[in-house]
Amino acid sequence: MLGCILFTTVLFFEGSRKLFEFVANNSGPTKTIAYLFALVLPQSLPFTIPLGVLVGTLITLSRKSSDGEITAMRAAGIPGRRVAPAVLAFAFLGLLIAGCASVLVKPWAVRESIRLKNDLLADQSTALVQPRIFEERFQNTVLYVTDAGTPGPVSQVLWKKVMIVDVSPAPERSDIPSLTLASEVIAAPDRANNRIQLKITKGYNYAATKDVNRYEIRTLATDERGLNVEPPKLVPSHPSTEMDMGPLIKAAYRTPSLNKQEVLEARIELHQRVALPFACIVLAFAGISLGITSRRSGRSSAVVLTAALALFYDMTLISMTNLAQQGTLPAELAMWTPNLLFAILGIILISRLERPAGHDHLGPIGKFFSRAPQSAAPATEIRGSLVPLRKNGHRTSRISAWRVPLLSHIIDTYLVGRFLFYFVLLLTTFVLMIHVFRFFELLNDVIKNHIAFQKVLTYLFFLTPRMIYEFTPVSVLTSILVVFAILAKSNEITALKACGVSIYRLTVPILLTGLCLSGMMFAFDHYVVPDADRRQDALLSEIKGRPAQTHLMADRKWIKGDNDDLVYYYRYFDSVQKVMSGVNVFEIDPQTFRLKRHITATSARWEPAIEQWVFQNGWSRDMKGSVFGPFDDFAGQTRTFSEVVERPEYFVKEDIQSQQMNYLELRAYIDELQRSNFDTVRLQVQYYKKFSMPLFAFILALVSIPFAFQSSGRGSGAVAGFGISLIIFIVYYSVRQLFEQVGNLGQLDPLTAAWAPDGVFSLAGVFLLARVRS
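Residues numbered from 1 in each chain as written. Predicted model: local features only at pLDDT ≥ 70, side-chain atom pairs only at ≥ 80, totals over all residues. Heavy atoms only, no water.

Q: Honestly, the overall build of the chain in this entry has me stumped. Any pointers?
A: A count of helices and strands for the chain gives 21 helices and 20 strands. Per-residue burial over the chain gives 52% buried out of 774 residues. Summarising the internal contacts of the chain: among those between residues at least 6 apart in sequence, 69% fall at separations of at least 24. When the accessible surface of the chain is totalled, it reaches about 35,200 Å², and 60% of it is carbon and sulfur. (Helix = DSSP H or I, 4+ residues; strand = E, 2+ residues; numbered from the N terminus. Buried < 20%, exposed > 50% of the residue type's maximum accessible area, 1.4 Å probe, protein only. Contact = heavy atoms within 4.5 Å. Areas by Shrake-Rupley, 256 points an atom, 1.4 Å probe, with all protein chains shown as cover.)

Q: Sorry if this is basic, but what is going on with helix α21 (residues 750-770) here?
A: Count 3.6 residues to each turn of an α-helix, and residues three or four apart come out pointing the same way. A rise of 1.5 Å per residue sets the reference length of α21, with its 21 residues, at 30 Å; its end C-alpha atoms lie 31 Å apart and thus fit the reference within 8%. Of all the bends in α21, the greatest reaches close to 40° and is centred on Ala 756; the proline Pro 757 follows between one and four positions later. Among the residues of α21, those classed as buried are Pro 750, Ala 753, Ala 754, Ala 756, Pro 757, Asp 758, Phe 761, Gly 765, Leu 768 and Leu 769. (Expected span 1.5 Å × (residues − 1). Bend = angle between axes of the 7 residues up to and from the residue.)

Q: Any chance you could explain the pairing of strand β6 (residues 215-220) here in plain terms?
A: Looking along a regular strand, one sees the side chains alternate between the two faces of the sheet. Pairing of strand β5 (residues 195-208) with β6, which is carried by six bridges, proceeds in the antiparallel orientation. Residue Gly 203 lies in a different strand from β6, and its bridge partner there is Leu 220. Between β5 and β6, which pair antiparallel in sequence order, lie six residues. (Pairing = 2+ DSSP bridges.)

Q: Can you help me understand the pairing of strand β18 (residues 612-624) in this one?
A: Across 10 bridges, strand β17 (residues 594-607) lies against β18 in antiparallel orientation. Residue Glu 607 lies in a different strand from β18, and its bridge partner there is Gln 612. In this antiparallel pair of consecutive strands, β17 and β18, the connection spans four residues, and Glu 611 shows a positive phi of 55°. Taken together, the eight bridges between β18 and strand β19 (residues 627-639) define a ladder with antiparallel strand orientation. Within β19, the residue paired with Arg 621 across the bridge is Phe 631. Counting the residues that bridge the hairpin from β18 to β19 gives two residues, and of these Gly 625 lies at a positive phi of roughly 65°.

Q: Can you help me understand the packing of helix α3 (residues 30-38) against helix α4 (residues 40-66) in this one?
A: What describes two packed helices is the angle between their axes and the distance between those same axes. At a closest axis distance of 4 Å, the pairing of α3 and α4 adopts a crossing angle of 5°. With respect to each other, α3 and α4 are oriented roughly parallel. Packed against α3, whose contacting residues are Leu 36, Phe 37 and Ala 38, the element α4 presents Val 40, Leu 41 and Pro 42 at the interface. Taken together, the residues of the contact of α3 with α4 sort by class into six nonpolar, no polar and no charged. (Axes fitted to C-alpha atoms, helices over the stretch in contact; angles between N-to-C directions. Parallel < 35°, antiparallel > 145°, perpendicular 65-115°, else oblique. Nonpolar A, V, L, I, M, F, W, Y, C, P; charged D, E, K, R; others polar.)

Q: Any chance you could explain the packing of aromatic side chains here in plain terms?
A: Think of a pair of aromatic rings as described by two things: how far the centres are apart, and how the planes are tilted against each other in angle. Taken as a whole, this structure holds 25 aromatic pairs when the rule is applied. Measuring from ring centre to ring centre gives 6.1 Å for Phe 419 and Phe 423, while their planes differ by 25°; the resulting arrangement is stacked. Of the two residues, Phe 419 and Phe 423 both sit in helix α13 (residues 410-448), four residues apart, roughly one turn of that helix. For the pair Phe 419 and Phe 423, one class covers both residues: buried. Aromatic pair Tyr 663 and Phe 691: ring centres 5.2 Å apart, planes at 70°, arrangement edge-to-face. Note that Tyr 663 is positioned in helix α18 (residues 663-675) and Phe 691 in helix α19 (residues 681-712), a separation of 28 residues in sequence. The class for Phe 691 is partly exposed, based on a relative accessible area of 28%. Taken together, the ring pairs connect Phe 134, Tyr 144, Trp 558, Tyr 569 and Phe 586 into an aromatic cluster. Here the guanidinium or amino end of Arg 594 rests over the ring plane of Tyr 204, the centre of that ring lying 3.4 Å away. (Phe/Tyr/Trp six-rings, centres within 6.5 Å; stacked < 30°, edge-to-face > 60°. Lys NZ or Arg CZ within 6 Å of the ring centre and 35° of its normal.)

Q: Teacher, can you tell me more about the packing of α4 against helix α9 (residues 260-293) here?
A: Running from N to C, α4 and α9 point in directions that differ by 10°, and their axes come no closer than 8 Å. The angle between α4 and α9 places the two elements in the roughly parallel class. Listed contacts from α9 to Pro 46, Phe 47, Ile 49, Pro 50, Val 53, Leu 54, Thr 57, Leu 58, Leu 61, Ser 62 and Ser 65 of α4 are Gln 272, Leu 276, Ala 279, Cys 280, Leu 283, Ala 284, Gly 287, Ile 288, Leu 290, Gly 291 and Ile 292.

Q: Looking at this model, I keep getting lost on unusual backbone geometry. Mind explaining?
A: Phi at Lys 161 is positive, roughly 50°, even though this residue is not glycine. Along the chain, Lys 161 turns up in strand β3 (residues 157-166). Phi is positive for Glu 611, close to 55°, though the residue is something other than glycine. Note on Glu 611: relative accessible area 49%, which makes it partly exposed.

Q: Is there a simple way to think about the nonpolar core in this case?
A: Generally speaking, nonpolar side chains in soluble globular proteins are found buried as a group. Judged by nonpolar contacts, the single largest core of 103 residues is most densely connected at Tyr 459, Val 476, Ile 480, Phe 484, Ile 493, Tyr 732 and Phe 761. The dominant element in this core, judged by the number of residues it contributes, is α13, at 23 residues. Core analysis: the next-biggest nonpolar cluster, separate from the first, contains 21 residues, Met 163, Leu 179, Tyr 204 and Tyr 206 among them. (Core = buried A, V, L, I, M, F, W, Y, C linked by side-chain atoms within 4.5 Å.)

Q: Could you clarify how one ought to interpret the pattern of salt bridges in this entry?
A: If the charged atoms of two oppositely charged side chains come close together, the side chains can form a pair. Under the counting rule described, the total for this entry stands at 19 salt bridges. A salt bridge links Arg 214 to Glu 216; the shortest N-O distance between them is 2.7 Å. For Glu 216, a relative accessible area of 31% corresponds to the partly exposed category. Across the salt bridge formed by Arg 505 and Asp 412, the nearest N and O atoms sit 2.7 Å from each other. (Salt bridge = Lys/Arg side-chain N within 4 Å of Asp/Glu carboxyl O.)

In structure tokens, the structure reads:
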């Protein structure tokens, strides 16, 4: 149960990242949202139940081995392999449960999830309009809102300084789009008709006609119009994963009308559904010998060994499937090869189990981190702890050479050593689990796009830094809870209290270590993670068959000027030749929000000698209110305008993900986009997260310590630590995602959205720590 809950929780939150964003952008009833999240769990069970069987086998047998029970059995003439029937019987029970989940529950959950998402998308007639960006999702309309207020009665929203551009073709009009400027607009969603209804109380419409000498200005005392929202893009279906077993068997073997690729995908899905439950048997069979021979590492090694074996199982599965796709192996043999290999491994290990001189393969790992340093003075041993004695009123102890700097007490070093051991162990486990999950997630893309197995491994290698960064806070949380739970169960906390050591004093080395890990996370994100993310994003695009991504986006047709009173519209921008074609420049009076000048030209070229744009073959018209000013027709000639001061670099923006930049690069990127009035809310949230996220390693250490001491008196050991850490993990992840998505939608200031989770958990940690009886 511990293994299933642990691995299911990790996979649930990894799989729900996109779901959080989907829900934030597509509102729906609370019951529907909760149901949608619940449907993520059944899709994880076929993978996590075999892992739960394996970790249960390893924990049980390694604990019996470390307690000497296996030795006692052998001394009584009972061989170690005698435990196999009980373990395999339990594995058979896991097979039945995993089989039901894989064959019956998972296809239904996939169908239900897709149906609910499409229902939410269909009901979502409009999304929130973000201020100060050009919205182009409306049919034949481009919308720009300078300030979007909060919803009023009947979900109405007051927009200020609104520009509405009509780009629909009209025979009486020129190719230049007409422009409507309004100081205030009342917007109300019309969900029934998939529209946004606008009420303009006072505005002006500007339209150029095919006759260059004729320009139309209309005053809109009252005007109502609707913006049609384009139909939402529905979630694509995956026929083979949605099919029940009957239709899937027909598609795999009894439907000749399907093409070869569809038949192959159906066969792979069919045999994967059946082979995964049988992994309970073969993994448990292989785990019997590994558990018995792991005498000293106990539960810790069982968890990380489970993740390692699961990763090897899935590596074998994906490589065999790749061979099947290439026609080298039949699909049936490819999907069953991992089970066959583990069965052979189990037989070999069982046959060698009773040989003399059994080896402990995992003990040195635990000994390196968790051994207590030796003291020169005598010490009393209290169930595994060392408490130094005093001589002539002074403590006489020799601190080992590897003790942590700034820590002067032998107990500090002992606590930090145990903490680091579990921290590395759990972090490795979480990272390996995500690798396993990504293997299955990319399996269909690898098969479809004929991706080499080495390239998948390279992608996972460069994914590892991001996973280390993401899971470090949670590993700190779980490690502290497990360490103090084990110390309490072995009465070491009681011994330290009896020696006069305060609970608060015990927390000092752990909190200092958490603070050091926060600093290391910040440096890791600055120097290592961005480069790795660039590599893994490029590899992921190749694996998924997406075209190579270009970072220079020179085709932004609408862009605000640097001083906010110019709006540029062009057909195309050549960043190499520095030429805009089909260019229009609208100069708007920021006080009255009315058009002052309209410049149009066939092209505009940047001349470095004079550092100005040279407009070719066009005209310019000045206006003041409804009165026209000078008209300049420069057909076949050139003109320059002093107010057009933006350089070519201003129109070329790099479209880079925030994860691929450190905080300095991201700050410069945000400033550059803000000068062009692009939406930077999401980027600002990610910028502040680069400072708030690393601090969570320290904050979760602060939060976990009170829970560790509150549960330590119950004597439940590491299991209680794991259970409490899962609950805190759920709350932590949910709060973090909630504030981030609300910030992305502009409902919270980016600084508040990024730092609010830190503030909430810091206050909770300080409050709970103050209530601990020291």
